[in-house]
Amino acid sequence: MTKTAELLAGKSVAVALGGGGARGLAHISVLQALDDMGVRPVAISGTSIGAIIGAAYAAGFSGAELRAHTEAILGNRIGLARKLLYARARRRQPLLTRLAHPLLFDGARFLEVFWPKGMPERFEDLEIPMTVVATDFRRRCEAVFSQGPLRPAVAGSMAIPGVVRAPRSEIGYLVDGGLVNPLPYDHLAGRADIVVAVNVSGNSGVESDARAPSPIQTMIVATQILMNTISARMIEESPPDVLIAPAVHQYLALDLFKTSRIFMAGDACRDALRKGLLQAAERLEAQRLA
C-alpha cells in the first residue's frame, strides 16, 4: 500500500471524467496516477470522452492498459485512418447532408473500433458503478444512464454535433452530454467521501493560431466554449472536493495525433492529484474531530 493509500484508508473516492474530445485522453493519465497510488474509485461518472474512458476503466482495464491500448491505436496513422473510415456513418442520407458532413461518424462503430476487446454489454456487468451523461435531443435536457445497455448510452454521450451521428436509445435520440453537463461530478454526490473531478473542457489560455477558423473548427470550438462556460459556473457554485484541470486548452476535440502531449499534460497533474486527495482527507478528519 502506498503512503497516499494509507492516509486515505477508510475513505472512499469517486471520480468524474469530463468531456472535451481528444483532450480527454488526459483522463487516462489521471486514472493511471490513481492506480499507482493504490486508490480504487468506488464510483465513476463520465460525459463524452469521459464516458468512453470511464466505462473502459470501470470494466476493469487499468490506467496503464488503457494508455498502452490508446498509444497502439493512435500511433499507427494508416491503421487509424482505416478504423475511422470503418466508423463513418453509413446510413443513406440526402446528398446535401453527405456534402455538409463528410466525416460524420457512427458512435457505436467508433466504440467497437476504439474500446479494448472484452468490454461488457451492460452497466450491470461493470466492476465499478458507472454513470453516463448524454443529452436528450428531443427534450433538450440531460439524460442519465447507470443501468441497461452500455454502448447506446456512451455512443450518445459522445455524439458531438456535426461530427458523430445522434444514436437512438430507449428514450429517443441522444447527443453530446457536454451540452448540458460537461463535468458530471454532481452525480457522485453522497456516493463517496471524496469526489474528484477531472476538467478537460479547456479552462484557460489563448489560441496562438491567427488563421481564420474552418467551418468544422468553428463548430467544434463553439461547443468547447459552451462546455467550458458550463463547467466554470458549476465549479464556482459548488466545487468538487478535488479539481484536476490538465493544461489541454490548446488542443481541439479531434487532435488525436497529439496523444503524447495530451498524456504529458495529464501526467503533470499527478502531484496536484495526490495533494488534493490528502487535503480532502485532512478536511474530513478535521470535521470528524470537530
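All of the points below concern the structure found in this document. These figures come from a predicted structure and were not determined experimentally.

Attention now moves to the nonpolar core. Core analysis: the largest hydrophobic core is formed by 74 residues, its most contacted members being Trp 115, Val 154, Ile 194, Val 196, Leu 273 and Leu 277. Those residues in contact with Leu 277 that sit more than four places away from it in its chain are Leu 8, Val 13, Leu 34, Met 37, Ile 194, Val 196 and Val 242. Counting residues in hydrophobic clusters, the runner-up holds 12 residues, among them Leu 188, Ala 192, Met 234 and Ile 235.

Summarising the element assignment, Ser 48 is placed in the loop between strand E2 (43-47) and helix H3 (49-58). Expressed as a C-alpha distance, the spacing of Ser 48 and Tyr 185, which sit 137 residues apart in the sequence, is 14 Å. Once residues within four sequence positions are removed from consideration, Ser 48 is found in contact with Gly 19, Val 133, Ser 157, Met 158 and Asp 176.

On to the packing of helix H2 (residues 26-37) against helix H11 (residues 270-289), then. Two elements in contact, H2 and H11, have axes whose closest approach is 10 Å; the angle formed by their N-to-C orientations is 55°. By the angle between their directions, the pair H2 and H11 is classed as oblique. Read as a crossing pair, H2 and H11 show a hand that is right-handed. On H11, the residues that touch Val 30, Gln 32, Ala 33, Leu 34, Asp 36 and Met 37 of H2 are Arg 270, Leu 273, Arg 274 and Leu 277. Residues that form the contact of H2 with H11 fall into these classes: six nonpolar, one polar and three charged.

The subject of this paragraph is empty space enclosed by the protein. The tally for this structure, following the rule as stated, stands at one cavity of 30 Å³ or more. For the largest cavity, the calculated volume is near 70 Å³. In terms of lining residues, the largest cavity is bounded by Gly 20, Gly 21, Ser 48, Ile 160, Asp 176, Ile 220, Thr 223, Gln 224, Met 227 and Ala 253. Per-class residue counts for the lining of the largest cavity are four nonpolar, five polar and one charged.

Cut-offs used in this document
Residues numbered from 1 in each chain as written. Predicted model: local features only at pLDDT ≥ 70, side-chain atom pairs only at ≥ 80, totals over all residues. Heavy atoms only, no water. Core = buried A, V, L, I, M, F, W, Y, C linked by side-chain atoms within 4.5 Å. Buried < 20%, exposed > 50% of the residue type's maximum accessible area, 1.4 Å probe, protein only. Contact = heavy atoms within 4.5 Å. Helix = DSSP H or I, 4+ residues; strand = E, 2+ residues; numbered from the N terminus. Axes fitted to C-alpha atoms, helices over the stretch in contact; angles between N-to-C directions. Parallel < 35°, antiparallel > 145°, perpendicular 65-115°, else oblique. Left-handed = near helix turned anticlockwise from the far one by under 90°. Nonpolar A, V, L, I, M, F, W, Y, C, P; charged D, E, K, R; others polar. 1 Å grid on protein atoms, 1.4 Å probe; cavity = no way out; pocket = protein on both sides within 12 Å on 5 of 7 lines; lining within 4 Å. Points joined across faces, edges and corners; volume = space filled by probe spheres on them.

Distances and angles like these do not, on their own, reveal function.
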